[in-house]
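# Architecture and fold: a report
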Amino acid sequence: MSVPADGPCHCGRNDARGRPLSLARCCGRFLSELEATPAPDAGSLMRSRYCAFVLEDAGYLLATWHPSTRPPEIGFEPGLKWLGLEVRDERQLDSSHAEVEFIARSRLGGRGQRLHERSRFVCEDGRWYYVDGDMR
Ligand SMILES: [Zn+2]
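As a starting point, this report considers the structure included with it. Each chain has its residues counted from 1, running along the sequence as written. This being a predicted model, a pLDDT of at least 70 is required before a residue's local features are given, and a value of 80 or more before pairs of side-chain atoms are given or counted; all residues contribute to the totals for chains, interfaces and linings. Heavy atoms throughout the structure, all of them, feed into the side-chain values; hydrogens and water do not.

Moving on, we come to the packing of aromatic side chains. For Phe, Tyr and Trp, rings pair up if their centres lie within 6.5 Å, where Trp contributes its six-membered ring, and each pair is then called stacked (planes under 30 degrees apart), edge-to-face (over 60) or tilted (otherwise). Per the counting criterion, the structure on display carries five aromatic pairs. With a centroid separation of 6.2 Å and 80° between ring planes, the pair formed by Phe-53 and Phe-76 is classed as edge-to-face. You can see Phe-53 sitting in helix α2 (residues 42–55) and its partner Phe-76 sitting in the loop between α3 (58–63) and β1 (81–94), a full 23 residues away along the chain. Partly exposed describes any residue whose relative accessible area lies between the buried limit of under 20% and the exposed limit of over 50%, with all areas from a 1.4 Å probe on protein chains only and scaled to the type maximum. Classification of Phe-53 as partly exposed rests on a relative accessible area of 26%. In this description a helix means any DSSP run of H or I spanning at least four residues, a strand means any run of E spanning at least two, and both kinds are numbered starting from the N terminus.

See below:
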């Protein structure tokens, strides 16, 4: 599944006027310029990682996964279609730790699925990383 860079971002974030941000202006810049443009906060990283799942960008997912919990590789479920992301809560615990609670909806073989997780993020050397999460 792909969306043109000027189409709405997969993560569903709106601009200040309530209109959908384009992929290019939202998560796309983090995915395409990982080194130069890291996500500025845990919520943005969470959203960009959702986009990376939609776009099956394993490289981005691994690069933004903290080395302490990072899996050796990432597999994508064949036929799985992501339907949308809802960020429920973003909590900055201190300058380098944050939590984001979200619900990601998907469909596989005609069946709807719902992933509800509270994820932990850590910031090291100016970059946020996904650490782990608790299913809700
Ligand atoms: Zn986005």
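From this point, the discussion proceeds with the structure in view.
For a metal with four tetrahedral donors the ideal donor-metal-donor angle is 109.5 degrees, whereas six octahedral donors ideally subtend 90 or 180 degrees. A donor here means any N, O or S atom no more than 2.8 Å from the metal (3.2 Å for Na, K and Ca); water is not included, so a site may seem to lack partners. The protein atoms that coordinate the zinc ion are Cys-9 (SG), Cys-11 (SG), Cys-26 (SG) and Cys-27 (SG), at distances spanning 2.2 to 2.3 Å. All geometry calls rest on donor angles, where a four-donor set with angles between 85 and 135 degrees is tetrahedral, four- and six-donor sets with opposite donors more than 155 degrees apart and all others between 65 and 115 are square planar and octahedral, and all else is irregular. Classification of the site at the zinc ion as tetrahedral follows from its four donor atoms and the range of 103 to 114° in their angles at the metal. For the zinc ion, all donor residues lie on one chain, and their spacing in sequence is C-x1-C-x14-C-C. A residue pair is termed long-range when its members are at least 10 positions apart, and Cys-11 in the segment before α1 (28–32) and Cys-26 in the segment before α1 qualify at 15 residues.

Once that is clear, we can look at α2. The span expected for a helix works out to 1.5 Å for each residue beyond the first. The end-to-end C-alpha distance of α2, which contains 14 residues, comes to 20 Å, matching closely the 20 Å that a straight helix rising 1.5 Å per residue would cover. With 12 of 14 residues buried, α2 is to be regarded as a mostly interior element. Of the positions making up α2, those classed as buried are Ala-42, Gly-43, Ser-44, Leu-45, Met-46, Arg-47, Ser-48, Arg-49, Tyr-50, Cys-51, Ala-52 and Val-54. Downstream of α2 by a residue or two, Glu-56 has a phi angle that is positive, lying close to 55°.

Right, let's talk about the pairing of strand β4 (residues 127–135) for a bit. One requirement defines pairing of two strands: DSSP has to find at least two bridges between them. Inspection of the sheet shows strand β3 (residues 111–124) paired to β4 by eight bridges, in the antiparallel sense. Residue Glu-117 lies in a different strand from β4, and its bridge partner there is Met-135. Hairpin connection, β3 to β4: the antiparallel pair is bridged by two residues, and Asp-125 has positive phi, about 50°.

Unusually for a residue other than glycine, Glu-56 sits at a positive phi of about 55°. The residue Glu-56 is located in the loop between α2 and α3 in this model. In this structure Glu-56 comes out as partly exposed when scored by relative accessible area, which is 46%.

Glancing now at the side chain of His-66. With respect to the helices and strands, the residue His-66 is situated in the loop between α3 and β1. If we ignore the near neighbours within four places in the chain, the residues touching His-66 are Val-122, Glu-124, Tyr-129, Tyr-130 and Val-131. Any two residues having at least one pair of non-hydrogen atoms within 4.5 Å are treated as being in contact.

Sheet strands line up and pair through hydrogen bonds in the backbone, either parallel or antiparallel. Spatially, the four strands line up as an open sheet ordered β1-β2-β3-β4, and their pairing is antiparallel. Because the sheet does not close on itself, it has two edges, and the strands there are β1 and β4. Across the sheet, the mean angle separating the axes of adjacent strands is 25° when strand polarity is ignored. As paired strands, β1 and strand β2 (residues 97–108) are joined by 11 bridges and run antiparallel to one another. Bridge pairing in β2 places Asp-89 opposite Glu-101. Axis definition: a line fit to C-alpha positions, over the contact stretch in the case of helices; interaxial angles, taken between N-to-C directions, run 0 to 180 degrees. Taken strand by strand, α2 contacts β1, β2, β3 and β4, and its axis lies near 160° from that of β1.

The values reported here are purely geometric and, on their own, carry no functional implication.
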